[in-house]
Amino acid sequence: MTGNLYRGQAGLPFSSTLRVYEPLEAFPEEQRPDIAAAGAQAVSRAAVENAELLASLGRITRSGGDPFPTGRTDLVRVTTAPGPDGGTADDGAGAGIEPVLLYCPSQLVLRAGLAANALMEGIHGPLAELLIPEEQRDRHQERIDLVKARDGSVRVHTRASTWGIPFSWFSLFAESDRKDVVEAGGRILTVRVWTPITDALERARYAVANLALAAPDLDMLDDLAQLTEWLELFHVNSMVELDYGAVADKVYPDESPMDIRLGIECLAEGDMTGAAAAYRRLASRWVPIRQLARAS
């Protein structure tokens, strides 16, 4: 299997993700062996992505009508914390320093339950009830209850978005953050951007404080407040990753983090013209992507 699925060649919607990677000690002690073992089995990042996509396609085509993950296995993504000079184990910087591995479990059982609930509560609720029978939803709720009983208080490490990236996510990142551009066959498969969670929180709080004063009715303010509360659940030595997914091929090079930063700074200074210009740049880049969700 090549990167075709990851590039969206299977007709899947563009999907982007925001992930938090934590050090092993942040997880309950009884979970650590399984998480470390799953992380060690990940041959490559591309293999993890393809395995997850193939599993999702398998669930929606299997007999019995149950589209939910069973939880028998859970993929784990792994990255490394940056060294003292900003380097990582991947780029050879910080030689002689033992790299600190950080882990992001997929938690598909929990995330599938949250996604199903959101679908049921949305405008497509009646259709969702036909596609996902009540019997299957009840069975999956039992799986969720088992996970929560086993793991106690559960932090969901991944947020996903289809057909575009929420503007609030870009406020967590800066132009200077570490990036990984993944290419194959003359196309960009994805772009991943990482930042320490302490930096992400500082940027989010700055944005919330300024938007609360300058634009308290902006929808992005609520999104940022929720993002901040979410990030505060994780270990202080965590890393935050924005994975563009296949949409990267449509928008990269992308200056959205800079446009968000400039827009918030302009609002804080009362420069409505500058803020409007930043928003126009964002809209011209992302509105066409979001319109693809309604294309036939």
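Participant: Go over the overall build of the protein with me, naming the residues and quoting the values.
Facilitator: Across its full length, the protein carries 11 helices and 7 strands. Residues counted as buried form 43% of the 296 residues belonging to the protein. Within the protein, contacts between residues at least 6 apart in sequence are counted, and of these 78% link residues at least 24 apart. Approximately 15,600 Å² of the protein is accessible, and the part contributed by carbon and sulfur atoms is 54%.

Participant: Outline the pairing of strand β3 (residues 101-105), listing residues and values.
Facilitator: Among the 5 residues that make up β3, 4 are buried, leaving the element largely enclosed by the rest of the structure. Pairing analysis gives 2 bridges linking strand β1 (residues 15-23) to β3, with the strands arranged antiparallel. Within β3, the position partnered with E22 by the bridge is Y103. The pairing of strand β2 (residues 76-80) with β3 spans 5 bridges and is classified as antiparallel. By the bridge assignment, R77 is partnered in β3 with C104.

Participant: Go over the nonpolar core with me, naming the residues and quoting the values.
Facilitator: Among the nonpolar cores identified, the biggest contains 41 residues, and L18, L231, Y244 and W286 are the most heavily contacted of them. Contacts of Y244, omitting those with residues within four sequence positions, involve S15, S16, I165, F170, T190, V191, V193, V251, D254, P257 and W286. Of all hydrophobic cores here, the second largest spans 6 residues; its members include Y21, A81, L102 and C104.

Participant: Could you give me a rundown of the pattern of salt bridges, with the residues and numbers involved?
Facilitator: Taken as a whole and judged by the stated rule, the model has 18 salt bridges. For E241, the salt bridge identified is with R19, shortest N-O distance 2.8 Å. Here R19 lies in strand β1 and E241 lies in strand β7 (residues 239-243), a separation of 222 residues in the sequence. An identical accessibility class is assigned to E241 and R19; each is buried. Put simply, D177 and R203 hold a salt bridge, and the shortest N to O gap is 2.9 Å. On the criterion of sequence distance, the pair formed by D177 in the loop between α6 (167-170) and β5 (178-184) and R203 in helix α7 (residues 197-214) is long-range, its members being 26 residues apart. What makes D177 buried here is its relative accessible area of 10%. Sharing partners across several salt bridges, the network here consists of R19, R45, E49, E52, R77, D180, R192, E241 and D243.

Participant: Break down α7 for me, with residues and values.
Facilitator: Given a rise of 1.5 Å per residue, 18 residues ought to cover 26 Å, and the 25 Å separating the end C-alpha atoms of α7 matches this to within 8%. Residues of α7 that are buried: I197, A200, L201, A204, A207, N210 and L211. Buried residues in α7 make contact with β1, β6 (187-196), α8 (219-231), β7 and α10 (256-268).

Participant: Could you give me a rundown of the side chain of R77, with the residues and numbers involved?
Facilitator: By the secondary structure assignment, R77 is in strand β2. Given a relative accessible area of 1%, R77 falls into the buried group. If we ignore the near neighbours within four places in the chain, the residues touching R77 are R19, Y21, R45, V48, E49, E52, L102, Y103, C104 and S106.

Participant: Could you give an account of helix α1 (residues 32-41), with specific residues and numbers?
Facilitator: Considered for burial, the residues of α1 that qualify are I35, A38 and G39. Here the buried residues of α1 occupy an arc of 100° about the axis, which is enough to place them on one side. For α1, the exposed residues lying more than 90 degrees away from the buried face are P33, A40 and Q41. The secondary structure elements touched by the buried residues of α1 are β2 and β3.

Participant: Describe the packing of α10 against helix α11 (residues 272-291), and please don't skip the residues or the numbers.
Facilitator: Relative to each other, α10 and α11 sit at 155°, their axes nearing to 7 Å. When the axis of α10 is compared with that of α11, the two are roughly antiparallel. The handedness of the crossing between α10 and α11 comes out as left-handed. Here S256, D259, I260, L262, G263, C266 and L267 of α10 come into contact with α11, specifically with M272, G274, A275, A278, R281, L282, R285 and W286. In terms of residue class, the contact of α10 with α11 is made up of 9 nonpolar, 3 polar and 3 charged.

Rules behind the numbers
Residues numbered from 1 in each chain as written. Predicted model: local features only at pLDDT ≥ 70, side-chain atom pairs only at ≥ 80, totals over all residues. Heavy atoms only, no water. Helix = DSSP H or I, 4+ residues; strand = E, 2+ residues; numbered from the N terminus. Buried < 20%, exposed > 50% of the residue type's maximum accessible area, 1.4 Å probe, protein only. Contact = heavy atoms within 4.5 Å. Areas by Shrake-Rupley, 256 points an atom, 1.4 Å probe, with all protein chains shown as cover. Pairing = 2+ DSSP bridges. Core = buried A, V, L, I, M, F, W, Y, C linked by side-chain atoms within 4.5 Å. Salt bridge = Lys/Arg side-chain N within 4 Å of Asp/Glu carboxyl O. Expected span 1.5 Å × (residues − 1). Arc of directions from axis to C-beta. Axes fitted to C-alpha atoms, helices over the stretch in contact; angles between N-to-C directions. Parallel < 35°, antiparallel > 145°, perpendicular 65-115°, else oblique. Left-handed = near helix turned anticlockwise from the far one by under 90°. Nonpolar A, V, L, I, M, F, W, Y, C, P; charged D, E, K, R; others polar.

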